[in-house]
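# Remarks on the overall topology
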Amino acid sequence: MSAKQLVVQRPTASFPASVWGDQFLLYDQQEDQAGVEKLIEDLKEEIRKEILRALDNPLEHTNLLKLLDTIQRLGIEYYFEAEVNQALQHFYDAYGANWNGGAPSLWFRIMRQHGFFVSSDIFNSYKGKDGTFKEPLENDIEGLLELYEATYLRVPGEIIIDDALAFARGRLEHNLKDPSLKNTIVSKKIKEALKQPLHKRLPRLEALRYIPFYQQQASHNESLLKLAKLGFNLLQSLHKRELSQISMWWKRFDVPNNLPYARNRLVECYFWSLSVFFEPRYSQSRMFLAKFIVVETLLDDTYDAYGTYEELEVFTEEIKRWSVTCLDNLPKYMKPLYEMLLELYGDMEKILIKMGKAHYLNYSREAMIEYIESYLKEAKWANDGYIPSMEEHQEVTIVSSGYKNTLIASFCAMGDVITDDTFKWALTMPPIAKACCVLCRVMDDIVTHKEEQGRTHAASGIECYMNEYGVTEQHVYDLFNKKVEEAWKEMNQESLKCKDVEMPVITRVINLARAMDVLYKTKDHFTHVDEELVSHIKSLVVDAIIM
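Residues numbered from 1 in each chain as written. Predicted model: local features only at pLDDT ≥ 70, side-chain atom pairs only at ≥ 80, totals over all residues. Heavy atoms only, no water.

### Considering the overall build of the protein chain
Each helix and strand in the protein chain was counted, giving 25 helices and zero strands. For 547 residues, the compact-globule formula gives about 24 Å, and the C-alpha radius of gyration of the protein chain, at 24 Å, lands near that figure. Counting only C-alpha atoms and orienting by the principal axes, one finds that the protein chain spans roughly 80 × 60 × 45 Å. Per-residue burial for the protein chain yields a buried fraction of 57% across its 547 residues. Contacts spanning at least 24 positions in sequence make up 73% of the contacts within the protein chain whose residues lie at least 6 apart. Put simply, the protein chain shows about 23,800 Å² of open surface, and 51% of that area lies on carbon and sulfur atoms. A distance of 2 Å separates the average location of the 64 positive side-chain charges in the protein chain from that of its 82 negative side-chain charges. (Helix = DSSP H or I, 4+ residues; strand = E, 2+ residues; numbered from the N terminus. Rg over C-alpha atoms; globule rule 2.2 N^0.38 Å. Buried < 20%, exposed > 50% of the residue type's maximum accessible area, 1.4 Å probe, protein only. Contact = heavy atoms within 4.5 Å. Areas by Shrake-Rupley, 256 points an atom, 1.4 Å probe, with all protein chains shown as cover. Lys, Arg positive; Asp, Glu negative; His and termini not counted. Charge placed at Lys NZ, Arg CZ, Asp CG, Glu CD.)

### A short note on the packing of aromatic side chains
To describe a pair of aromatic rings, one takes the distance between the centres and the angle between the planes. As enumerated under the stated definition, the model contains 39 aromatic pairs in all. Between Tyr-78 and Phe-278, the aromatic rings sit 5.8 Å apart at their centres with planes inclined by 80°, giving edge-to-face as the arrangement. Separated by 200 residues along the polypeptide, Tyr-78 in the loop between helix H3 (61-73) and helix H4 (81-95) and Phe-278 in the loop between helix H13 (266-276) and helix H14 (283-305) bring together distant segments of the chain. Assessed through its relative accessible area of 13%, Tyr-78 is described here as buried. Here Phe-278 falls in the buried class, since its relative accessible area comes to 8%. (Phe/Tyr/Trp six-rings, centres within 6.5 Å; stacked < 30°, edge-to-face > 60°.)

### Remarks on the nonpolar core
Of all hydrophobic cores here, the largest spans 189 residues; its most connected members are Phe-91, Trp-107, Trp-272 and Met-491. For Trp-272, the contacting residues outside a window of four places in its chain are Ile-293, Tyr-403, Leu-512, Ala-515, Met-516, Leu-519, Tyr-520 and Phe-526. (Core = buried A, V, L, I, M, F, W, Y, C linked by side-chain atoms within 4.5 Å.)

### Re H14
Over its 23 residues, H14 extends 32 Å from the first C-alpha to the last, a length consistent with the 33 Å expected when each residue adds 1.5 Å. The buried count for H14 comes to 22 of 23 residues, which makes it a mostly enclosed element. (Expected span 1.5 Å × (residues − 1).)

### Digging into the pattern of salt bridges
Pairing of side chains with opposite charge becomes possible as their charged atoms draw close. Per the stated rule, a full pass over the model turns up 34 salt bridges. A salt bridge links Arg-154 to Asp-162; its shortest N-O distance comes to 2.7 Å. Asp-162 serves as the salt-bridge partner of Lys-489, at 3.4 Å between the closest nitrogen and oxygen. Placement of Lys-489 in helix H23 (residues 473-497) and of Asp-162 in helix H8 (residues 159-176) is noted, with a sequence separation of 327 residues between them. Each member of the salt-bridge network shares a partner with another, and the members are Asp-69, Arg-73, Arg-109, Glu-192, Arg-201, Glu-206 and Arg-209. (Salt bridge = Lys/Arg side-chain N within 4 Å of Asp/Glu carboxyl O.)

### Section: the packing of helix H11 (residues 222-253) against H13
Packing of H11 against H13 leaves a shortest axis separation of 10 Å and a crossing angle of 140°. The pairing of H11 with H13 is recorded here as oblique in orientation. As for how H11 packs across H13, the hand of that crossing is right-handed. Facing H11, whose interface residues are His-239, Glu-242, Leu-243, Ile-246, Ser-247, Trp-249 and Trp-250, H13 presents Leu-266, Val-267, Tyr-270 and Leu-274. Along the lines of polarity and charge, the residues of the contact of H11 with H13 split into eight nonpolar, two polar and one charged. (Axes fitted to C-alpha atoms, helices over the stretch in contact; angles between N-to-C directions. Parallel < 35°, antiparallel > 145°, perpendicular 65-115°, else oblique. Left-handed = near helix turned anticlockwise from the far one by under 90°. Nonpolar A, V, L, I, M, F, W, Y, C, P; charged D, E, K, R; others polar.)

### Describing the state of the cysteines
What the rule picks out here adds up to zero disulfides. In this model Cys-464 remains outside any disulfide bridge; the closest cysteine sulfur is found in Cys-440, 16 Å from its own. According to the relative accessible area criterion, Cys-464 is buried, its value standing at 0%. (Disulfide = S-S within 2.5 Å.)

### As for the side chain of Ser-237
Looking at the secondary structure, you find Ser-237 in helix H11. With relative accessibility at 3%, the residue Ser-237 sits in the buried group. In this structure the side chain of Ser-237 is engaged in a polar contact, spanning 2.6 Å, whose partner is the side chain of Gln-33. (Polar contact = N/O pair within 3.5 Å; in protein donor to acceptor, adjacent residues only side chain to side chain.)

### A word on the side chain of Arg-365
Assignment of secondary structure puts Arg-365 in helix H17 (residues 360-384). In this structure, Arg-365 is buried with no salt-bridge partner, the nearest side chain bearing the opposite charge being Glu-349 at 4.4 Å. Arg-365 has contacts with Trp-322, Tyr-345 and Glu-349, leaving out every residue within four places of it along the chain.

### Here's the deal with the environment of Gln-245
Structurally, Gln-245 is set in helix H11. Gln-245 sits in the partly exposed class, given a relative accessible area of 39%. In the structure, Gln-245 is positioned 42 residues away from Met-287 in sequence and 8.7 Å away in space, judged by C-alpha atoms.

### Details of the packing of helix H2 (residues 33-55) against H3
Following both chains from N to C, one finds H2 and H3 inclined at 150°, their axes separated by 9 Å at the closest point. By the angle between their axes, H2 is roughly antiparallel relative to H3. Taken as a pair, H2 and H3 cross one another with a handedness that is left-handed. When H2 is examined against H3, the residues Ile-47, Glu-50, Ile-51, Ala-54 and Leu-55 are found in contact with a partner set consisting of His-61, Leu-64, Leu-67, Leu-68 and Ile-71. Tallied by class, residues from the contact of H2 with H3 come to eight nonpolar, one polar and one charged.

Structural data, given as C-alpha cells:
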C-alpha cells in the first residue's frame, strides 16, 4: 500500500446499524389463502352491490359518499376502483361543483383526491353574513375535523381554504383543552389529525389506524369491517413474501461487509417502496423499487460519506458507460455496488422483455445517470469548500434528492397505465414532479443539515440561504417549512390540472410525498431508525390484524 493511500482523507459518517438482522430472510406461510380469497370475493360482491344500489338512488348519495370515504380509509379501495370511479364520475356529472347533499367538506375532499376539480366556493356555506365561520361549527367536532381534513386539498391562491384551515385548526386545538374530552376517542382523533392530516398519511398506515376506530362505531358495517381485516392480512402475506425475497437478494451481496461505510436500510427501503404502492398488482414494481432505493442509498453514502472526489469522478464516468467491462477501472470497494446496479437492471430487463417493454429501462438509465452526475457536482462543492447560490443549489439538489429518479423507476413494471409518453413526461420534470422533489429536498435539508455539516459535506440549502441572504437559521427553517406547504398546494393543483398522465401515475407522486412526511417530518427516521418507524414496519409486515 502506498503512502498516498495511507493518508487518504474520507468524509466518513458513522451510521447506526440495522435494527432488523436477518429476521425477514425466511417466510413461513401457514394460513389457508384459498379459503380466505373465496370469502373476500363474496364480501366484495356484497359491498359492490351496495355501492351500485345507493348510486341509483339520489336520496342515498350522501350516505354513498360516506361509504366511499370509509372504503378508502379502511385501505380497500383497490377492490372497488371501477365502482368508486363510476360513482364519483356520476356525482361530478350530476352535481358539478354544486353538491346539495350533506357533508360538503367530505364531498370536496373526496372529489379532489380523485382528480375532480370542484370549487372551493362550497366553503362559503360555513360562513355567516359577516364573513366569519359560523358559531355552531365551533362546537361540532366531527364537522370541524371534516373541514380541517378537506383544507389540505387546497391549491395556491385559495384564500377561503387557508382561512378555513386556520379556523378549524384553532378550534380543534381549543377543544383539546376541554377536560371532558381528556383521554377520549374524540381527543385521540383530534391529536392524530393535528399531527398528520389525512391527505398526508400513507394509505396502508391509515387503514391500520382506522380499522379499530371503525369497529368501535355502533353503526359500522360488519361485512365491510371483515373485508378490511381479511384483505389487510392477505395482502400482508404477499408483502412478507416480497420482503423475504429481497432479503435473500441483499444477503447474497453481503453489503454490511462489502460496503461497511453505508447505511444498512434494506427493510426501511422496502417500507419506502410499499409506501409508493401497496396494491397486489404492483408486486413486481414494488420489489424492483425497493431494491432501487437500496442502491440509491448506497450510492448516496458512497458519494456523500466515503468516496474521494477522484474516485467519484472515475465511478461517474463508468456509470455513464454502463458495462460490466468497467469493473476493472474501479477501486475494489466500488465494484460490488457497480455489480449490484447492473444486476438490478438486468433482472428487471428480463421481466420487461416478457411484457414487451424492455426499452423502458433506457428511460430509467437516463434518469440514473443524471442523478449520479448531480451527486458528483455536490461532491465537487464539498471537495472545494464551495457554497453555491440558492439558485445553483436548487438546480442540482432537486435532482440529487433522488425523487425524480425514484419516480421514473417506479413506472417500469406498472402495466398498461404506463407508456413511453409517461417516461418522457417525467424526464422533463413536470410541475407536479418538481414540487415533489422540492418537498423532498427541503424536508431532507431541514432534518439532516446539522449532522451532515459535522463532516466534509456539500453545503445544504440551509447554509446556502443563510450565506446568501444573511438571515438566521430559524428564519430559514420557517421559510423552508412554508416551502413544504406550498409544494403540497402545487401538487394538489397539478393533480387536478395535469391531463398528460392518468391518476395512478399522479398517485405515485403523492405517495412519494407522503413517505417523506413519515420518514423526514421531524427527524431523519430513515438513518436513525426509532421506535415509531419500527412500529410502522412491524404493523405492516410482521403483525397480522386479529380477526
